[in-house]
Amino acid sequence: MATSSYIVSCPSCGTGNRIPVDKEGLRGRCGNCKSALPPLYCHPQQMSDRTFDSFINSYPGPVLAEFWAPT
């Protein structure tokens, strides 16, 4: 069975917030304290040399990066 939502903890109050899968990459608000929630990415995001720095600098959470070069 596919997951239809994920739980994101609010960085301000710690409340778990259910985020629907179709809202991946969008910022939300905590249902308890109304603080901004970080965007959730569950699938790999392809970056280019033009988009990488801005993504890394604006994303509030940890990022796992894999680099490769064509041969």
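It should be noted that the structure appears before, not after, this text.
The text that follows walks through the structure, step by step, so that each part is easy to find. Residue numbers restart at each chain and count upward from 1, following the sequence in its written direction. Side-chain atom pairs in this predicted model are given and counted only at pLDDT of 80 or more, local residue features only at pLDDT of at least 70, and totals for whole chains, interfaces and linings cover all residues. To obtain the side-chain values, all non-hydrogen atoms of the structure were included, while hydrogens and water were left out.

## What to know about the state of the cysteines
Line of reasoning, step 1. Disulfides are defined as pairs of cysteine sulfur atoms found within 2.5 Å of each other. Evaluation of the coordinates by the stated rule reveals zero disulfides.
Line of reasoning, step 2. We note that Cys 33 lacks a disulfide partner, and the nearest cysteine sulfur, in Cys 10, lies 3.7 Å from it.
Line of reasoning, step 3. Of the residues examined, Cys 33 reaches a relative accessible area of 32% and is grouped as partly exposed. We call a residue buried when its accessible area falls under 20% of the maximum for its residue type, exposed when it is over 50%, and partly exposed in between, using a 1.4 Å probe and counting protein chains only.

## Details of the layout of surface pockets
Using a probe with the size of a water molecule, rolled over the atoms, empty space left in the structure can be pinpointed.
Line of reasoning, step 1. The computed volume of the largest pocket comes to approximately 630 Å³.
Line of reasoning, step 2. In terms of lining, the largest pocket is formed by 20 residues, of which the most central are Gln 45, Met 47, Leu 64, Ala 65 and Glu 66.
Line of reasoning, step 3. Polar here means any residue other than Ala, Val, Leu, Ile, Met, Phe, Trp, Tyr, Cys and Pro, which are nonpolar, and Asp, Glu, Lys and Arg, which are charged; Gly is therefore polar. Looking at the lining of the largest pocket residue by residue, the class counts come to 14 nonpolar, four polar and two charged. Lining residues are defined by having an atom within 4 Å of a point belonging to a cavity or pocket. Those points lie on a 1 Å grid over the protein atoms alone, cavities being sets where a 1.4 Å probe fits but cannot get out and pockets being open sets with protein on both sides within 12 Å along at least five of seven lines. Grid points are joined across faces, edges and corners, and a volume is the space filled by probe spheres set on the points.

## Considerations on the pairing of strand E2 (residues 16–20)
Line of reasoning, step 1. Think of it this way: any DSSP run of H or I at least four residues long counts as a helix, any run of E at least two long counts as a strand, and we number them from the N terminus. Every second residue of E2 is oriented toward a common face, the buried set being Asn 17 and Ile 19 and the non-buried set Gly 16, Arg 18 and Pro 20.
Line of reasoning, step 2. Sheet analysis places strand E1 (residues 5–9) next to E2, joined by five bridges and oriented antiparallel. Opposite Ile 7, over in E2, you have Arg 18 as the bridge partner.
Line of reasoning, step 3. When DSSP locates at least two bridges between a pair of strands, those strands are taken to pair. Connecting E1 to the antiparallel partner E2 that follows it, the hairpin turn spans six residues, and Gly 14 within it adopts a positive phi of roughly 85 degrees.

## A word on the side chain of Asn 17
Line of reasoning, step 1. Of note, Asn 17 is situated in strand E2.
Line of reasoning, step 2. Looking at Asn 17, the relative accessible area reads 8%, which means it is buried.
Line of reasoning, step 3. Among the polar contacts listed, one links the side chain of Asn 17 to the backbone nitrogen of Gly 31, at a separation of 2.8 Å.
Line of reasoning, step 4. The contact criterion used is simple: two residues touch if any of their non-hydrogen atoms lie within 4.5 Å. Not counting residues within four places of it along the chain, the set of residues in contact with Asn 17 comprises Tyr 6, Ile 7, Val 8, Cys 10, Arg 29, Cys 30, Gly 31 and Leu 37. N or O atoms closer than or at 3.5 Å make up a polar contact, with two conditions inside protein: a donor-capable atom paired with an acceptor-capable one, and, for residues adjacent in sequence, both atoms drawn from side chains.

## Digging into the packing of aromatic side chains
Line of reasoning, step 1. Only Phe, Tyr and Trp rings take part, Trp by its six-membered ring, and two of them pair if their centres are within 6.5 Å. Stacked means planes under 30 degrees apart, edge-to-face means over 60, and tilted covers everything else. Enumeration according to the criterion identifies four aromatic pairs in this entry.
Line of reasoning, step 2. Both rings, one in Phe 55 and one in Tyr 59, keep their centres 5.4 Å apart while their planes meet at 10 degrees; by these two values the pair is stacked.
Line of reasoning, step 3. Residue Tyr 59 is classed as buried on the basis of its relative accessible area, which comes to 18%.
Line of reasoning, step 4. Among the aromatic residues, those joined into a cluster by ring pairs are Tyr 41, Phe 55 and Tyr 59.

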